[in-house]
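Listed below, chain by chain, are the residues.
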Amino acid sequence: MSSTPTLPRDSTPPNGPATTPAARAVAMTKVYGRSDTQVTALDSVDLDVGTGSFVAIMGPSGSGKSTLMHCLAGLDRPTSGRVFLGDVELAALSDRKLTLLRRERIGFVFQSFNLMPTLNAYENITLPSVLAGRRPDADWLDTVIDVVGLGDRLGHRPSELSGGQQQRVAVARALANEPEVIFADEPTGNLDQRSGDDVLGFLRHAVDRFGATIVMVTHDARAAAFADRVTFLVDGRVIDHLDDPTAPVVLDRLKTLEV
Ligand code: ADP
Ligand code: MG
């Protein structure tokens, strides 16, 4: 094989001039319910996720982390404000176009793995491509499967795999379609520390080696330390960012949020 396949957007020079962020929110507000039972889950959030960066979103329970992720990923629509994936404004898309965009351009990793129980690991990994009517690039697929170390488990169904192995299938699935952004909501929440570190290591590797862009919600300072930047949410507002985070520094910052 000639060279390691990389995600297509790698054509962007890593240290080149500022480019369009992979994902962007401008004054994004999300209000649930109406009148007397209203909850402002997001309150005018501005956020840029740089292409090829790994961003962790942290904040107390109920601070809007999942809502932020869902609105950025086109799983939900904000009440007001603007959301972009690359240069595409999501509000301009019909529900059908939004579904296609999610399928073709976004990867997801969930806390509960969300694999199809009747499909084996290989079929789960290639399912998004099949749904998008694409044939995944064979070299790229080999690389992804190799990186997550699933070569000898491809014929196994989720029930025949450990939690850590299932999440590695989910990471491979997210990467297989060469998405522009991968969104991960508490991807290590159901894993022991060692399996969690493996999964985080693969996500980190995807950013460093393949130019992936990742937005990860976590409440775990150790997990956040794998990211390039931590963005802190409180009461639906972005209150701070921390670049090149380490677990102790993140922990200290979290303590100040929870008073
Ligand atoms: P986090 O992920 O940080 O725990 P969420 O984004 O899930 O926070 O929730 C933010 C706020 O929005 C919370 O007050 C939550 O109760 C509220 N909320 C979330 N989803 C809904 C919904 N579908 N309907 C009404 N309120 C919701
Ligand atoms: Mg949540």
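Check the entry above for the structure.
Sequence order as written defines the numbering, with residues in each chain counted from 1. Lettering of chains starts at A and numbering of ligands starts at 1, both following the order in which they are written. Given that this is a predicted model, residues contribute local features only at a pLDDT of at least 70 and side-chain atom pairs are listed and counted only at 80 or more, while totals for whole chains, interfaces and linings are drawn from all residues. With hydrogens and water set aside, each side-chain value is computed from the structure's full complement of heavy atoms.

**Q** Quick question: what am I supposed to make of the pairing of strand β3 (residues 54-58) here?
**A** Regular strands have side chains that alternate between both faces of the sheet. Across the five residues of β3, five count as buried, placing the element largely inside the fold. Side chains F54, A56 and M58 of β3 all project onto a buried face; the interleaved residues V55 and I57 project onto the opposite face, where all are buried too. With four bridges joining them, β3 and strand β8 (residues 214-217) adopt parallel strand pairing. If you follow A56 over to β8, its bridge partner there is M216. At least two DSSP bridges between two strands are required for those strands to pair. Helix and strand definitions here come from DSSP, where helices need a minimum of 4 consecutive H or I residues and strands a minimum of 2 consecutive E residues; each element is numbered from the N-terminal end. Relative to strand β9 (residues 229-234), β3 runs parallel, the two being bridged by four bridges. Residue A56 lies in a different strand from β9, and its bridge partner there is V230. Burial classes follow relative accessibility: with a 1.4 Å probe on protein chains only, a residue under 20% of its type's maximum area counts as buried, one over 50% as exposed, and anything between as partly exposed.

**Q** Looking at this model, I keep getting lost on the site of ligand 1. Mind explaining?
**A** Residues are labelled near a given molecule or strand when at least one of their non-hydrogen atoms is within 4 Å of it. As a structural note, the neighbourhood of ligand 1 is formed by Y32, V39, A41, P60, S61, G62, S63, G64, K65, S66 and T67. S66 has a polar backbone atom sitting 2.9 Å from an oxygen atom of ligand 1. The side chain of T67 places a nitrogen or oxygen atom 2.6 Å from an oxygen atom of ligand 1. Of all elements in the fold, only β2 (39-49) and α1 (65-72) reach the threshold of two or more residues within the shell around ligand 1. Among the elements that take part in the shell around ligand 1, α1 stands out by supplying three residues, more than any other. For the shell around ligand 1, the residue count by class is four nonpolar, six polar and one charged. Polar contacts, as used here, are pairs of N or O atoms within 3.5 Å; protein pairs need one atom able to donate a hydrogen and one able to accept it. Residues neighboring in sequence count only if both atoms are side-chain atoms. Residue classes follow a fixed rule: Ala, Val, Leu, Ile, Met, Phe, Trp, Tyr, Cys and Pro count as nonpolar, while Asp, Glu, Lys and Arg count as charged, and any other residue, Gly among them, counts as polar.

**Q** Explain α1 here, please?
**A** Since one α-helical turn is 3.6 residues long, residues separated by three or four positions face the same way. In terms of burial, α1 is largely enclosed, as six of its eight residues are buried. Within the span of α1, buried status applies to K65, T67, L68, M69, C71 and L72.

**Q** I would appreciate a short explanation of the nonpolar core in the present structure.
**A** Nonpolar side chains in soluble globular proteins tend to end up buried together. Throughout, nonpolar core names a set of buried Ala, Val, Leu, Ile, Met, Phe, Trp, Tyr and Cys residues whose side chains join them through atoms within 4.5 Å. Of all hydrophobic cores here, the largest spans 46 residues; its most connected members are I125, V171, L175, M216, V230 and V250. Core analysis: the next-biggest nonpolar cluster, separate from the first, contains 29 residues, V55, C71, F108 and L233 among them.

**Q** Quick question: what am I supposed to make of the pattern of salt bridges here?
**A** Once the charged atoms of two side chains with opposite charge are near each other, the side chains can pair. Salt bridge, as applied in this entry: a Lys or Arg side-chain nitrogen positioned within 4 Å of an Asp or Glu carboxyl oxygen. Tallied over the full model, the rule gives 13 salt bridges. The partner of R24 in a salt bridge is D48, and the shortest N-O contact between them spans 2.9 Å. In this pair, R24 is assigned in strand β1 (residues 23-32) and D48 in strand β2, connecting sequence segments 24 residues apart. Given the relative accessible area of 34%, R24 is considered partly exposed. Across the pair E89 and R82 runs a salt bridge, and its minimum N-O distance is 2.7 Å. Taken together, the salt bridges that share partners define one network made up of R204, D208 and D228.

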